[in-house]
Amino acid sequence: MPWCEQCDRRIETDELTADGVCPQCGTEPLEHRRSPWYFKFMLVASIIYLGYRAFQGVTWVVHHL
Ligand SMILES: [Zn+2]
């Protein structure tokens, strides 16, 4: 799916102009969207969260033995 860096949005294939550029800004869109920073952030955040929950679970078990 083409992605316009300039407009920061996804462009439907049928939205592209005859030249294959973004209909809004005229920039040639990227073939694929770069991995957005927030995706990486969410990944790291969920790993930290799950690690924290696992730590909580372990301490709960230890305290209830
Ligand atoms: Zn654009």
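This text goes with the structure placed above it.
A brief report on the enclosed structure follows.

About the cut-offs
- Residues numbered from 1 in each chain as written.
- Predicted model: local features only at pLDDT ≥ 70, side-chain atom pairs only at ≥ 80, totals over all residues.
- Helix = DSSP H or I, 4+ residues; strand = E, 2+ residues; numbered from the N terminus.
- Contact = placed C-beta atoms within 7 Å.
- Buried ≥ 20, exposed ≤ 12 C-beta atoms within 10 Å, placed from the backbone.
- Expected span 1.5 Å × (residues − 1).

1. Section: the overall build of the chain
Scanning the chain from N- to C-terminus turns up one helix and two strands. Seen in sequence order, the chain has helices and strands lined up from the N terminus as β-β-α. In the chain, once contacts between residues fewer than 6 apart in sequence are set aside, the share between residues at least 24 apart is 26%.

2. Here's the deal with unusual backbone geometry
The backbone phi angle of Asp8 is positive, close to 55°, even though this residue is not glycine. Residue position: Asp8 is located in the loop between strand E1 (3–4) and strand E2 (9–10). The class for Asp8 is exposed, based on 9 C-beta atoms found within 10 Å.

3. Details of helix H1 (residues 37–63)
The end-to-end C-alpha separation of H1 is 39 Å, in line with the 39 Å expected for 27 residues at 1.5 Å each. With zero of 27 residues buried, H1 lies mostly on the surface of the structure.

4. Comments concerning the environment of Pro29
Examined against the element boundaries, Pro29 turns out to sit in the loop between E2 and H1. Owing to 22 C-beta atoms within 10 Å, Pro29 belongs among the buried residues under this scheme. A C-alpha to C-alpha distance of 24 Å links Pro29 and Phe41, two positions 12 residues apart in sequence. Once residues within four sequence positions are removed from consideration, Pro29 is found in contact with Pro2, Trp3, Cys4, Ile11 and Cys22.

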